[in-house]
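Structural overview
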Amino acid sequence: MGAFSGFYKKTIQERIELLKQERGINDGEAKVLLDSGALDLETANRMIENLVGVNHLPLGIAPGFRINGKEYAVPMCIEEPSVIAAAAKAAKLAAQSGGFTADADEPVMTGQVQLVNVPEDVLEKFNANKGEIAARAKELASGMEMYGGGYRECEAHTLETSRGRMLVAVFYVDVRDAMGANTLNTLLEGIAPLLEEKVAGEARLRILTNLAVRRKARAKCTWKKEVVGEDAIEGILDGYELAVNDIYRCCTHNKGIMNGVDAVAVATGNDWRAVEASAHAYAAMDGYTPLNKFYKNEDGDLVGEIELPLAVGTVGGAINTSPTAGIALKLLGAESAMELSMVMAAVGLAQNFAALYALGTEGIQKGHMKLHASNLAAGAGAKEGEIEKVAKKMQEQNEYSVESAKNILKKLRGE
Ligand code: NAD
């Protein structure tokens, strides 16, 4: 981990100094970070409608991720205590075991045009005009060519529905470092009149699908038994097996993965609703299943693998307007959307490893509530100087609630 060793023990100011030295953060960027994100109302008012204020989320760093031999300090934006600590712990154990390997598909996004009231031979009509349709699509997505992307292919299928036969024309575009929703939607709206004219029916929905199955990222790690411990490995495998066999656990299992994935998506200004929708639809394609796998190799080490669609960008959308998103991307040092998606896959896997590690051994409440104790103390009315004392007492008593915090605070104040 090198320079980031003991990051959690540093003061906020010391951490920022380290980011300046290690990640080239300049004074202006440091000021933005120290100014709670510094999203001014004027900028915010351009981002959404009916603005009345700005809501902040904490931004932290999970250091120690070694992925394909490169060291990452991963920015994570999340309100839930213990997620970043858990990711960092899993990353450390992974690094001691050789780190993660990861790869990603080319960033190809998928979009659909729905044509209703179509005749029986609609597919033949689509195929007969495919050359012209493809040429128009290429033209409409030509803005991506300068970045190495652009139109890739199209196809169509029919659906027999309660509202009659429909044609779904599907378009694939390589959007390179963008998430690509606007690029796809522009193409789809642009091509719809040609489809109506040359194929049949009336165009209704013209929008990308968030189920970006051609844009998946994968990560893998073999956690060594000498590093993790054989009992912990058994606990992780038992916990994983419950997710495989029980949808009630599987939902929470995948939520744990998304704790990490979403936190990176939010930190880097990405559309986390898109990432969420995509991940859960992908998990449900063959019955609802875990997004990852755990198994033991012949040496008794724990192998973890994850694969999920990750339509994320390093340009466009809110990335260019959010003051902290650009800084987070700089901290991460991902050169492309594909690299970002690989990091997110590794973080998702690490997050689930950490959750199962804790659940299979001491349970998560100890670590979770320890971090949460100071929030409870503040919620009970403790002021600066009192918060730490109340939190410490709660830990000693192993009683974590606002009521217990209030009682401790009363005693502390001699009331
Ligand atoms: P965008 O419209 O900002 O497009 C990105 C732009 O970046 C491109 O048009 C291109 O000109 C430019 N660019 C510069 N360098 C590039 C590079 N190396 N690779 C690719 N492009 C480069 O953003 P977008 O990614 O098309 O759309 C994302 C936004 O769309 C998000 O804010 C998302 O919330 C929103 N959105 C999502 C949905 C959905 O998920 N269903 C629907 C509508 C809109």
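Residues numbered from 1 in each chain as written. Predicted model: local features only at pLDDT ≥ 70, side-chain atom pairs only at ≥ 80, totals over all residues. Heavy atoms only, no water.

**Let's talk about the sheet that holds strand β6 (residues 164-174)**
How we decide: A pair of strands is considered paired only if DSSP assigns at least 2 bridges between the two. A run of DSSP states H or I qualifies as a helix once it reaches four residues; a run of E qualifies as a strand once it reaches two. Both are numbered from the N-terminal end. Angles run from 0 to 180 degrees between N-to-C directions of axes, and those axes are lines fitted to C-alpha atoms, restricted for helices to the stretch in contact. Whether two residues touch is decided by their heavy atoms; if any such pair falls within 4.5 Å, the residues are in contact.
Taken in spatial order, the four strands make up an open sheet running β5-β6-β4-β7, and their pairing is antiparallel. Of all strands in the sheet, those with a lone pairing partner are β5 (150-161) and β7 (202-208), marking the two edges. Looking at each pair of strands side by side, their axes are set apart by 20° on average, direction ignored. In terms of strand pairing, β5 meets β6 through 11 bridges, oriented antiparallel. Bridge pairing in β6 links histidine 157 to valine 168. The sheet contacts of helix α6 (residues 130-140) involve β5 and β6, and relative to β5 the element is tilted by about 125°. Against the sheet, helix α7 (residues 181-198) touches β4 (108-116), β6 and β7, its axis set at about 165° to β7.

**Regarding the pairing of strand β9 (residues 292-296)**
Relative to strand β10 (residues 302-309), β9 is paired through five bridges, and the arrangement is antiparallel. Looking across to β10, one finds that tyrosine 295 is bridged to valine 303.

**Considering the packing of aromatic side chains**
To be explicit about the condition: Each aromatic pair joins two rings of Phe, Tyr and Trp (for Trp, the six-membered one) with centres within 6.5 Å, and gets the label stacked for planes under 30 degrees apart, edge-to-face for over 60, and tilted for any other angle. Categorising residues by exposure relies on relative accessible area from a 1.4 Å probe, with only protein chains included: less than 20% of the type maximum marks a residue as buried, more than 50% marks it as exposed, and the intermediate range marks it as partly exposed. For a lysine, the NZ atom is tested; for an arginine, the CZ atom; a charge sits over a ring if that atom is within 6 Å of the ring centre and within 35 degrees of the ring normal.
Scanning the model with the defined rule gives seven aromatic pairs in all. Between phenylalanine 4 and phenylalanine 7, the ring centres sit 5.5 Å apart and the planes meet at 45°, which makes this aromatic pair tilted. Each member of the pair, phenylalanine 4 together with phenylalanine 7, is buried. Across the ring face of tyrosine 172, the terminal group of arginine 214 is positioned such that the distance to the ring centre comes to 3.5 Å. Sitting above the plane of the tryptophan 272 ring, arginine 273 keeps its charged end 5.1 Å from the centroid.

**Notes on helix α15 (residues 387-397)**
Threshold: As used here, the arc is the angular range of directions from the helix axis to the C-beta atoms.
Of the residues making up α15, those classed as buried are Val390, Ala391 and Met394. What you see down the axis of α15 is that its buried residues fit within an arc of 100°, all on one side. Counted as exposed and oriented over 90 degrees from the buried face of α15: Glu388, Lys389, Lys392 and Glu396. Immediately downstream of α15, the backbone of asparagine 398 shows phi near 55°, a positive value.

**Focus on the packing of α6 against α7**
To keep things clear, this is the line we draw: Put simply, angles under 35 degrees are roughly parallel, angles over 145 are roughly antiparallel, angles from 65 to 115 are roughly perpendicular, and the rest are oblique. Crossings are assigned a handedness: left-handed for a near helix turned anticlockwise from the far helix by less than a right angle, right-handed for a clockwise turn. Basically, the charged four are Asp, Glu, Lys and Arg, the nonpolar ten are Ala, Val, Leu, Ile, Met, Phe, Trp, Tyr, Cys and Pro, and anything else, Gly included, counts as polar.
Where α6 contacts α7, the axes come no closer than 9 Å and their chain directions differ by 160°. With respect to their mutual orientation, α6 and α7 come out roughly antiparallel. Here α6 and α7 pass one another in a crossing that is right-handed. On α7, the residues touching Glu132, Ile133, Arg136, Ala137 and Leu140 of α6 are Leu187, Gly190, Ile191, Leu194, Leu195 and Lys198. By residue class, the composition of the contact of α6 with α7 is seven nonpolar, one polar and three charged.

**Thoughts on the nonpolar core**
Stated precisely, the cut-off is as follows: As used here, the term nonpolar core means buried Ala, Val, Leu, Ile, Met, Phe, Trp, Tyr and Cys residues forming a set that is joined through side-chain atoms within 4.5 Å.
Formed by 61 residues in total, the largest nonpolar core has its most connected members in Phe65, Val74, Met76, Phe100, Trp223, Phe294 and Phe353. If one sorts the elements of this core by residue count, helix α13 (residues 337-360) sits on top with 14 residues.

**A word on the domain arrangement of the protein**
Selection criterion: Start and end points for every domain follow an automatic or database-based domain assignment.
As assigned here, the protein comprises domain 1 (2-47), domain 2 (59-102 + 215-361), domain 3 (108-208) and domain 4 (367-413). Its C-alpha centre places domain 2 at a distance of 31 Å from the equivalent point of domain 4.

**Notes on the site of the ligand**
What counts here: In this text, near means that some heavy atom of the residue lies within 4 Å of the molecule or strand in question. Polar contact is the term for a pair of N or O atoms within 3.5 Å; when the atoms are in protein, one must be able to donate a hydrogen and the other to accept it, and sequence-neighboring residues count only if both atoms are side-chain atoms. For the area figures, the Shrake-Rupley method with a 1.4 Å probe applies, and any residue is considered shielded solely by the protein chains shown.
The immediate surroundings of the ligand are formed by 19 residues, with Gly180, Asn182, Asn210, Asp271 and Gly317 found nearest. A distance of 2.9 Å is found between an oxygen atom of the ligand and a side-chain nitrogen or oxygen belonging to asparagine 210. In the complex, the protein chains occlude 68% of the 870 Å² of accessible area that the ligand would expose alone. Ranked by residue count, the leading element in the shell around the ligand is α7, at four residues. Considering only residue class, the shell around the ligand consists of nine nonpolar, seven polar and three charged. Taken domain by domain, the shell around the ligand gets at least three of its residues from each of domain 2 (59-102 + 215-361) and domain 3 (108-208).

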